[in-house]
Amino acid sequence: MDRKSICSLLCAMMLAILLISCNDEDDYDGLSPAELSGTYSNKLSAPANGDSLILSYNGNTFIGKDVEFKTDDGKPAHIILKYVLPHDTETAISGVSLTAGSGSYSFSGGATTSTGTAFHYLGSIQTGKLILELSDITIPENWLTMNGTWYVAHENASYYNVDNGSMQTMIGMLYNLVGGKLVSNLISSLLDGLTFQADGNIIARYAPLPDSVRIGSLIGNYIKHPANDWNASPPNLATYYVDDNTSLYVIPQIDMIIRQVMINRQTKANSGDSSMENALLAAYQKINTWSTTGIKMTIRESEDPAKGDLILLLDKSEIQELFALLEIVKVFIPEETLNAPVMDLIGNLIPPQFVSIAAILLKGKTFGAILNQLSQELNTIPIEIGIYLYKDKNIN
């Protein structure tokens, strides 16, 4: 081959390479894979790119999540949902076809996770922004979804077995004397039912306590609300999944709860007090792990149908986590209350026949000291606390 032919061949090869390169750039429609691949977040704790993800769950805003998007060539993509669907640490969606648009790509499809949750997805991506809509979400059918809505047994809402009925410890005495009845009436006053939706949402039918009601007054009776007082909680505040129809895992969506608290607070007069924000930040750090692992509860069939059809029972380990929040609770309690003798605060709530033994056990301790003692005893005594539920609303 002569020199002229060699030069012509080299020029042709260079031209072909140039054309191929130009075609690849055209395929990206101005967006290279490097611009698209990454983790998109809408967590409250996220840095400046905290609004890079717009996520909806069955048509409702869902914050507090990360979604990873990967593409090597701007054609198929790999999407990883992180702690978005119930029971799934990560949900991988592979081979997602991308359709090029003006400065963005769109995609859609359906999938079923390894744990059995089916869903559809629709979205678009551009530089620095991922929009993802999840719809038609259906978790595996379970004991709770089969009935749908379960109703609180208002006359006997709480199940409890604290220190085997003993009153030799602080927790045992307080709960068995006044706490059990107080908790039962508080639940009955605030909660009318729980709906376990097929998409994994828990919707509570609730009512706030009237401003005139003091918590201590609930030791006697619960508040009987008129029907129009009950409201449905917003979606995506708590999700769930069931394992073997014996264990319920409730997943509090912490960012969504904080968002809702702040929305609710904006409807009230601003007191200028930053304690709420400080407590919420502390709570976020304490219980953020629940948004990944869930709060484990045992589903137990009631042995007494007159009290309820089933019991949702907290594992003791989960209750210990709840008591770890006592330091946060103290934020809302005035200093003078923490330093006040506890008998001055609850003495009139204790049944007369138990006042003398309560005075001996409390021994003039302050309310703050009692909170500290409760935390210590929780680690050593047996505790079972739960809620009775009926399949049908047969008790008002």
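Nothing here was measured: the structure is a model prediction, and the numbers come from that model. (Residues numbered from 1 in each chain as written. Predicted model: local features only at pLDDT ≥ 70, side-chain atom pairs only at ≥ 80, totals over all residues. Heavy atoms only, no water.)

Focus on the overall build of the chain
Per the secondary structure count, the chain includes 13 helices and 20 strands. When each of the 396 residues of the chain is scored for burial, the buried share is 41%. Expressed as a percentage of contacts within the chain between residues at least 6 apart in sequence, the contacts between residues at least 24 apart total 62%. Total accessible area on the chain stands at roughly 20500 Å², and carbon and sulfur atoms take up 55% of it. (Helix = DSSP H or I, 4+ residues; strand = E, 2+ residues; numbered from the N terminus. Buried < 20%, exposed > 50% of the residue type's maximum accessible area, 1.4 Å probe, protein only. Contact = heavy atoms within 4.5 Å. Areas by Shrake-Rupley, 256 points an atom, 1.4 Å probe, with all protein chains shown as cover.)

Here we look at the sheet that holds strand β9 (residues 118–126)
Read from one edge of the open sheet, six strands run β3-β2-β10-β9-β8-β7, paired in mixed fashion. The two strands at the open ends of the sheet, each matched to only one other strand, are β3 (60–61) and β7 (99–100). The pairing of β7 with strand β8 (residues 105–112) spans two bridges and is classified as antiparallel. The residue of β8 that forms the bridge with Ala100 is Tyr105. (Pairing = 2+ DSSP bridges.)

Describing the environment of Asn60
Topologically, Asn60 is positioned in strand β3. The partly exposed category is assigned to Asn60, whose relative accessible area is 30%. For the pair Asn60 and Asn236, spaced 176 residues apart in the sequence, the C-alpha separation amounts to 7.6 Å. Residues within four places of Asn60 in sequence aside, it is in contact with Leu55, Pro235 and Asn236.

As for unusual backbone geometry
A positive phi angle is found at Asp136, which is not glycine, with a value near 50°. Even without a glycine there, the phi angle at Asn245 is positive, about 60°. For Asn245, the location among the structural elements is in the loop between β16 (238–243) and β17 (247–252). For Asn245, a relative accessible area of 35% puts it in the partly exposed group.

A word on the packing of aromatic side chains
The relative placement of two aromatic rings is captured by the distance of their centres and the angle of their planes. This structure, assessed with the given rule, holds seven aromatic pairs. An angle of 80° between the planes, with centres 5.2 Å apart, marks the rings of Phe196 and Tyr240 as edge-to-face. Here the residue Phe196 occupies a position in strand β13 (residues 191–196), and Tyr240 occupies one in strand β16, the gap between them amounting to 44 residues. Note on accessibility: Phe196 and Tyr240 belong to one class, buried. Here the aromatic cluster, defined as three or more aromatic residues joined through ring pairs, consists of Phe69, Phe107, Phe119 and Tyr121. (Phe/Tyr/Trp six-rings, centres within 6.5 Å; stacked < 30°, edge-to-face > 60°.)

As for the nonpolar core
Formed by 28 residues in total, the largest nonpolar core has its most connected members in Phe69, Leu81, Phe107 and Leu134. Of all the elements in the fold, those that place two or more residues in this core are β2 (53–57), β4 (66–70), β5 (76–82), β6 (90–97), β8, β9 and β10 (129–138). Those residues in contact with Leu134 that lie beyond four places of it in its chain are Leu55, Ser56, Tyr57, Asn58, Gly59, Leu81, Val84, Leu85, Phe119, His120 and Tyr121. By size, the runner-up hydrophobic cluster in this structure holds 24 residues, among which are Ile139, Val152, Leu194 and Met297. (Core = buried A, V, L, I, M, F, W, Y, C linked by side-chain atoms within 4.5 Å.)

Re the side chain of Asn142
By the element assignment, Asn142 lies in the loop between β10 and α3 (143–147). Looking at Asn142, the relative accessible area reads 5%, which means it is buried. In this view, Asn142 contacts Tyr240, Val242 and Asn245; residues no more than four positions away in its chain are not counted.

Quick notes on the sheet that holds β4
The four strands lie next to each other as β1-β4-β5-β6, forming an open sheet whose pairing is antiparallel. Two strands bound the open sheet, and with one partner strand each, they are β1 (38–41) and β6. Averaged over all pairs of adjacent strands, the angle between strand axes in this sheet comes to 20°, irrespective of strand direction. Direction of pairing for β5 relative to β6: antiparallel, over a ladder of six bridges. Bridge assignment links Leu81 to a residue of β6, and that residue is Thr91. (Axes fitted to C-alpha atoms, helices over the stretch in contact; angles between N-to-C directions.)

Notes on the side chain of Asn236
Relative to the assigned elements, Asn236 resides in the loop between β15 (231–232) and β16. Since its relative accessible area comes to 0%, Asn236 is described here as buried. At a separation of 3.4 Å, a polar atom in the side chain of Asn236 contacts the main-chain carbonyl oxygen of Asn60. (Polar contact = N/O pair within 3.5 Å; in protein donor to acceptor, adjacent residues only side chain to side chain.)

Looking at the pairing of β2
Taking burial as the measure, the five residues of β2 include four buried ones, the bulk of the element. Where β2 lies against β10, five bridges are found, and the strand directions are parallel. Counterpart to Leu53 in the pairing with β10 is Leu130. Judged from the two bridges that link them, β2 and β3 form a sheet pairing that is antiparallel. Bridge pairing links Ser56 to Thr61 in β3. Count of turn residues in the β2/β3 antiparallel hairpin: two residues, of which Asn58 carries a positive phi of about 50°.

Some words on the pattern of salt bridges
Tallied over the entire structure, the rule returns five salt bridges. Between Lys82 and Glu68 there is a salt bridge; the shortest N-O distance is 3.4 Å. With Lys82 in strand β5 and Glu68 in strand β4, the pair connects residues that are 14 residues apart, well separated along the chain. One salt bridge in this structure joins Asp192 and Arg205, with 2.2 Å as the shortest N-O distance. (Salt bridge = Lys/Arg side-chain N within 4 Å of Asp/Glu carboxyl O.)

Description of the pairing of β8
The antiparallel hairpin formed by β7 and β8 contains four residues in its connecting segment, where Gly103 sits at a positive phi of about 75°. Looking at chain direction, β8 and β9 are connected through eight bridges and run antiparallel. Across the sheet, Ala111 pairs through a bridge with Phe119, a residue of β9. Counting the residues that bridge the hairpin from β8 to β9 gives five residues, and of these Gly116 lies at a positive phi of roughly 100°.

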